[in-house]
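# Understanding the architecture of this molecule
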Amino acid sequence: MSVFKAINVTERGQLTIVEKYAPSIKAHEVLIEVEACGVCGADLADIERAKSMGLKAVTPGHEVVGRIISKGVAVSEHWQVGQRVGVGRLGGACYECDICRQGHFNLCENQSVLGVTQDGGYAEMMVARSSGLVAIPDDLEAKTAAPILCAGIATFNALMKCGAKAGDTVAVIGIGGLGHLALQYARKMGFRVVAIGRGQDKKTDALNLGAHHYIDSIQSNVAHELEVIGGAHAIISTVLNPSSVTDAILGLKPHGTCVLLGVSIPPMSLSSRALIGAERQLIGSLTGSPYETEKALGFSVLTESLPEIQTLPFEQAHQAIELLKSGQARYRLVLTMKPGIYAS
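Here the structure is a predicted model, which is why all the values come from computation and not from measurement.

### Side note on helix α10 (residues 290–303)
- Helix length check: α10, at 14 residues, gives a terminal C-alpha distance of 20 Å against a target of 20 Å (1.5 Å per residue), a fit within 8%.
- Along α10, the residues that are buried comprise T293, A296, L297, F299, S300 and T303. Mapping the buried residues of α10 onto a view down its axis gives an arc of 160°, with all of them on the same face. Exposed and facing more than 90 degrees away from the buried side of α10 are Y291 and L302.
- Along its buried surface, α10 packs onto β9 (134–135), α3 (142–145), α4 (151–161) and α5 (179–188).
- Where α10 ends, the next residue or the one after it, E304, has phi of about 55°, a positive value.

### Focus on the sheet that holds strand β13 (residues 232–237)
- Overall, parallel pairing links the six strands, which are arranged β12-β11-β10-β13-β14-β15 in an open sheet. The open sheet has two edge strands, β12 (213–216) and β15 (281–284), and neither has a second partner. Sheet twist, expressed as the mean angle between neighbouring strand axes with direction ignored, is 20°.
- Across five bridges, the pairing between β13 and strand β14 (residues 252–260) is parallel. Across the sheet, the residue bridging to A232 is L252, located in β14.

### Points about the pattern of salt bridges
- For the coordinates displayed, the defined rule picks out eight salt bridges.
- Here R67 ties to E35 by a salt bridge, and the two come within 3.3 Å at their closest N and O atoms. Of this pair, R67 sits in strand β4 (residues 64–71) while E35 sits in strand β3 (residues 29–39), and the two are 32 residues apart along the sequence.
- For R67, a relative accessible area of 22% gives the class partly exposed.
- Residue class for E35 comes out partly exposed when judged on its relative accessible area of 23%.

### A word on the side chain of D43
- Counting through the fold element by element, D43 comes out in helix α1 (residues 41–53).
- The charged side chain of D43 is buried without a salt bridge, its nearest counter-charge being R89 at 4.8 Å.
- A polar side-chain atom of D43 sits 2.9 Å from a polar atom in the side chain of H62.
- Every residue in contact with D43, bar those within four places of it in the chain, is listed here: G38, G61, H62, Y122 and I321.

About the criteria used
Residue numbers restart at each chain and count upward from 1, following the sequence in its written direction. Residues qualify for local features only when their pLDDT is at least 70, as the model is predicted, and side-chain atom pairs are given and counted only at 80 or more; totals for whole chains, interfaces and linings, by contrast, use all residues. As a rule here, side-chain values cover all heavy atoms of the structure and leave hydrogens and water aside. Secondary structure follows DSSP: runs of H or I at least 4 residues long count as helices, runs of E at least 2 residues long count as strands, and numbering of each begins at the N terminus. To estimate how far a helix should reach, multiply one less than its number of residues by 1.5 Å. Burial classification: accessible surface area is computed with a 1.4 Å probe over protein chains only, and a residue below 20% of its type maximum counts as buried, one above 50% as exposed, and the rest as partly exposed. Of all possible arcs, the one meant is that of the directions from the helix axis to the C-beta atoms. Contact definition: two residues touch when any of their heavy atoms are within 4.5 Å. Two strands are said to pair when DSSP picks up at least two bridges between them. Lines are fitted to the C-alpha atoms to define the axes, a helix being fitted only along its stretch in contact, and any angle between axes, read from their N-to-C directions, falls within 0 to 180 degrees. The working definition used for a salt bridge is a side-chain nitrogen of Lys or Arg within 4 Å of a carboxyl oxygen of Asp or Glu. By the counting rule applied here, Lys and Arg register as positive and Asp and Glu as negative, while His and the ends of each chain are not counted. Counted as a polar contact is a pair of N or O atoms within 3.5 Å, where, for protein atoms, one must be capable of donating a hydrogen and the other of accepting one, and residues adjacent in sequence contribute only when both atoms are in side chains.

Pasting the structure below:
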């Protein structure tokens, strides 16, 4: 039986390299040889959760790209051994709950969640539900595709849901792991793009990534600055700070929509007048289905809207987490595994 390396979170919240036997797979599952796995801010929460609950043998990671090395007997012919696939945060819908029957697969009541309800991709191998698989385009390297499975689909879908049309103004709050992709996508979708960041240090990057305008939220009243340029049809918030949203939302045009991606612990304080007076909307967006993720990957290839990444060997996951905590990641971190049986 094959042995592979994985990184587990100990009950103290430390990352430890362990050896495991290749698991047996169920009828609707596949075994993936992992080539790359992105390091996401949600991984920090998963690690902290494991620490606070005293959980053992939890493997983080939910931006996984690799190849199928074996498949269960009930996995369709759409997926073949040797095929390049990915798995994002949501590891596969059940197709049976009421939400799935309505076609909202990303909201499945029985969704598998990588790094939480099942082991994730900080490993040389990983088991995945076939319902969560995403086909990876030949034009994308594994390390480049990995962040699109979370940050990419999250921002791509938020822009698709925001109601703005080509030529409209879309503002992006936060120029980080999600925001740097949102700016690229928004520009390539034909929007007039406004980047909103804290301080001047991200201005040059924001403009190079596709923004037409930059607003420094420290030096300026964000809502006023948006009004000066005619108001925003949509705002995409990628940050964890709820006050950043409340500072900007009055800059939305009537019937404008603010889409929340950043999950904040503190509650949001917002006057109902800010929404009612101009019939504005405030909505949340939870990543996307495998089909939608394939759309995001394809759009990334067509428009050359790609994540800016830093790579580290799989064994240096701890260093990657520390870089993420310190805010030094630029802009997405990716762990890479040694070439396996499909290496050319």
